[in-house]
Each structure stands twice: as C-alpha cells, then as structure tokens.
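Topology and contacts: notes
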Amino acid sequence: MSILEVNGVSIRYMTGDFKDIGIKEYVVRKLKGNYHVKEFWADKNVTFTLEKGDMLGIIGTNGAGKSTLLKAISGIMEPTEGYVKREGTIAALLELASGFDGDLTVQENTYLRGAMLGYTRKFMNEMYDQIIAFADLKDFEERPFKQLSSGMKSRLAFSIACLVQPDILILDEVLSVGDGAFRKKSEKKMREIIGSGATTILVSHSIAQVREMCTKILWLHKGHQVEFGDDVQGICDRYQEMLEGKRTITLPESK
C-alpha cells in the first residue's frame with residue numbers, strides 16, 4: 001500500500017494588477033470589463049506514488065515547480081486539480097526560518113516548532129536533549145533565536161524534524177546548508193531514517209547527493225513532469241545532459 005499518492009496534481013497561481021491600482025480603480029475597470037487576470041501553472045499534471053522507506057529526489061532547474069509541489073504534498077496548499085493522499089505523520093522543512101520566533105530562546109523555539117508539528121509536551125520533553133545535542137546548540141539554549149547564525153538555525157530545524165521520526169519527511173535544500181561536518185552528520189541521519197522505514201522527499205540541486213542517497217527520482221521542468229522512477233542514475237544522466245545543452249525537453253502543448 002502506498003504511503004503517498006500524488007495523482008494529476010496541477011497548481012495554478014492567479015495574478016492581476018489589483019494591488020497596484022487600488023480598490024476604486026479596480027471597481028471601475030471591472031465595470032468596464034477592463035480588468036485582466038493572468039494564470040500561471042506552477043505544476044501541471046504531476047503523478048507518482050511512494051512506498052514506505054522510499055527516498056525520492058526531486059530535481060529540476062529554478063522555476064521547475066519543486067517547492068510548490070512540496071507545499072501541496074505537505075498540505076500547505078490545495079491542488080487546483082488532482083489530489084494528494086498521505087498516510088501517517090508528516091514533517092516538512094520547506095523554509096528553515098518559518099515557525100520560529102526571533103525573540104524567543106532556542107529552547108522555547110524548540111518546543112514551539114514541536115507543537116507546530118503536532119507533538120505533545122511530554123514527547124518533546126523526552127526528545128529535547130537529543131534535539132539540542134544533534135544540533136550542537138547546548139551552549140545556546142537560552143540565547144534569543146535571532147542571535148543564531150543561519151547555519152545554527154538550519155541545524156535546529158533539521159534536528160527537530162528528524163528526531164521526531166515522522167512517517168514522511170520532506171526536505172527542501174536542507175542538506176545543502178551548514179558546514180561540512182553537519183552535512184555529513186545530516187546525511188548519516190537521513191540514512192538512519194530511511195533504514196527505519198520512513199519515506200523521505202528531498203529537493204536538492206546537488207545531483208551527486210541525489211545519486212548517492214535516493215531510491216526514486218522525479219524530474220520536473222517548467223512545472224511539467226519529465227520522468228519519474230527508480231532509475232536514479234539514468235535520469236540524473238539525462239538531466240545532466242539537459243543542463244549541458246546536449247538534450248532538449250519538449251513540453252506538452254498548453255490547452
């Protein structure tokens with residue numbers, strides 16, 4: 001049984017000039033039929049399934065629709081078309097600074113993020129020391145969060161998401177932050193999570209990282225699904241050829 005099913009997911013953004021012209025001019029233009037709204041499809045007809053223990057790498061150039069798709073998978077956004085079906089608990093690290101309060105301490109923010117992920121105070125009490133130790137922030141527990149470096153913030157966010165052991169873990173460029181030592185430790189932790197049966201989705205611009213860690217791969221290009229499957233090395237090779245200008249991508253015609 002699939003733990004995650006993404007079926008025909010399309011996500012549309014609507015853009016207009018309302019914020020630039022003000023409400024009075026908006027009403028006048030609407031009455032005259034002179035107000036125009038533009039459509040932009042960030043993702044179009046994306047379909048794939050994941051089983052327990054899979055690690056999916058999502059690749060694509062900037063603007064491919066990767067982060068938007070992750071928001072739909074995590075439940076932050078509802079697809080315009082299609083559906084996402086999830087089983088079990090889910091933790092998503094999409095924007096590392098989100099969910100933290102700069103004026104609260106590291107300790108307070110750890111409990112705050114845990115609560116946002118749906119975990120009880122009792123559970124966080126049991127996990128707190130492990131989270132702080134993994135993030136190497138023992139000496140910063142009482143510091144205001146805003147005083148931390150970006151690397152420290154990312155370590156804390158990653159540590160909370162990983163050590164609470166979700167059924168589905170979503171990471172958007174998280175393994176590319178922090179120093180070399182933490183990247184190695186985080187990659188080791190990812191392998192432990194995969195070994196425990198968790199399903200993981202990783203967005204990364206590091207093709208080498210995807211090749212080494214992922215068991216399945218999804219290639220997006222300008223919102224469209226190019227390839228999906230377990231031929232990680234082959235798809236990475238073809239993606240690299242596209243980056244080098246040796247391969248062209250033909251997109252479906254817009255309806």
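My aim in this report is to walk through the structure given alongside it, one point at a time. (Residues numbered from 1 in each chain as written. Predicted model: local features only at pLDDT ≥ 70, side-chain atom pairs only at ≥ 80, totals over all residues. Heavy atoms only, no water.)

1. So, the pairing of strand β6 (residues 168–172)
β6 sits mainly inside the fold: 5 of its 5 residues count as buried. The alternating pattern of β6 places Ile168, Ile170 and Asp172 and Leu169 and Leu171 on opposite faces, both of which are buried. As paired elements, β6 and strand β7 (residues 199–203) share 5 bridges and run parallel to each other. What sits directly across from aspartate 172, in β7, is valine 203. (Buried < 20%, exposed > 50% of the residue type's maximum accessible area, 1.4 Å probe, protein only. Helix = DSSP H or I, 4+ residues; strand = E, 2+ residues; numbered from the N terminus. Pairing = 2+ DSSP bridges.)

2. Let's talk about the nonpolar core
Taken as a class, soluble globular proteins show a tendency for nonpolar side chains to be buried jointly. Judged by nonpolar contacts, the single largest core of 46 residues is most densely connected at Ile59, Leu137, Leu156, Phe158, Leu169 and Met190. Per-element accounting of this core gives the leading share, 8 residues, to helix α5 (residues 150–163). The next biggest cluster of nonpolar side chains, apart from the first, holds 24 residues, and it includes Ile3, Phe48, Leu69 and Leu220. (Core = buried A, V, L, I, M, F, W, Y, C linked by side-chain atoms within 4.5 Å.)

3. Focus on helix α4 (residues 121–134)
The end-to-end C-alpha separation of α4 is 19 Å, in line with the 20 Å expected for 14 residues at 1.5 Å each. For α4, the principal kink sits at methionine 127 and spans about 50°. When we look at burial in α4, the residues that qualify are Met124, Met127, Tyr128, Ile131, Ile132 and Phe134. Buried-residue contacts for α4 involve α3 (106–116), α5 and α6 (180–195). Two residues or fewer after α4 comes aspartate 136, characterised by a positive phi angle close to 55°. (Expected span 1.5 Å × (residues − 1). Bend = angle between axes of the 7 residues up to and from the residue. Contact = heavy atoms within 4.5 Å.)

4. What about the environment of valine 226?
Mapped onto the fold, valine 226 is located in strand β9 (residues 224–229). Taking the relative accessible area as the measure of exposure, valine 226 reaches 29% and is therefore partly exposed. Spatially, the C-alpha atom of valine 226 lies 8.0 Å from that of isoleucine 249, the residues being 23 residues apart in sequence. Ignoring sequence-local partners within four residues, the contact set of valine 226 consists of Trp219, Leu220, His221 and Ile249.

5. Focus: the packing of α5 against α6
Packed helices, taken two at a time, are described by the angle their axes make and the gap between the axes. For the pair α5 and α6, the least separation of the axes is 11 Å and the interaxial angle reads 15°. One element, α5, and the other, α6, form an angle in the roughly parallel class. α5 and α6 meet at a crossing whose hand is left-handed. In contact with Arg155, Phe158, Cys162 and Leu163 of α5, α6 contributes Phe182, Ser186, Lys189, Met190 and Ile193. Grouping the amino acids of the contact of α5 with α6 by side-chain chemistry returns 6 nonpolar, 1 polar and 2 charged. (Axes fitted to C-alpha atoms, helices over the stretch in contact; angles between N-to-C directions. Parallel < 35°, antiparallel > 145°, perpendicular 65-115°, else oblique. Left-handed = near helix turned anticlockwise from the far one by under 90°. Nonpolar A, V, L, I, M, F, W, Y, C, P; charged D, E, K, R; others polar.)

6. Digging into a nonpolar patch on the surface
Together, Ile23, Val27 and Leu31 line one region of the surface with nonpolar side chains, adding up to about 340 Å² of accessible area. On the secondary structure map, isoleucine 23 appears in helix α1 (residues 18–32). (Patch = residues over 30% accessible without salt bridge, like charges linked within 9 Å, V, L, I, M, F, W, Y side chains within 5 Å. Areas by Shrake-Rupley, 256 points an atom, 1.4 Å probe, with all protein chains shown as cover. Salt bridge = Lys/Arg side-chain N within 4 Å of Asp/Glu carboxyl O.)

7. Side note on the pattern of salt bridges
By the definition in use, this model includes 13 salt bridges. In this structure, the salt-bridge partner of glutamate 39 is arginine 12, at a minimum N-O distance of 3.4 Å. A residue pair is termed long-range when its members are at least 10 positions apart, and glutamate 39 in strand β2 (residues 38–50) and arginine 12 in strand β1 (residues 4–15) qualify at 27 residues. On the accessibility criterion, arginine 12 (32% relative accessible area) is partly exposed.

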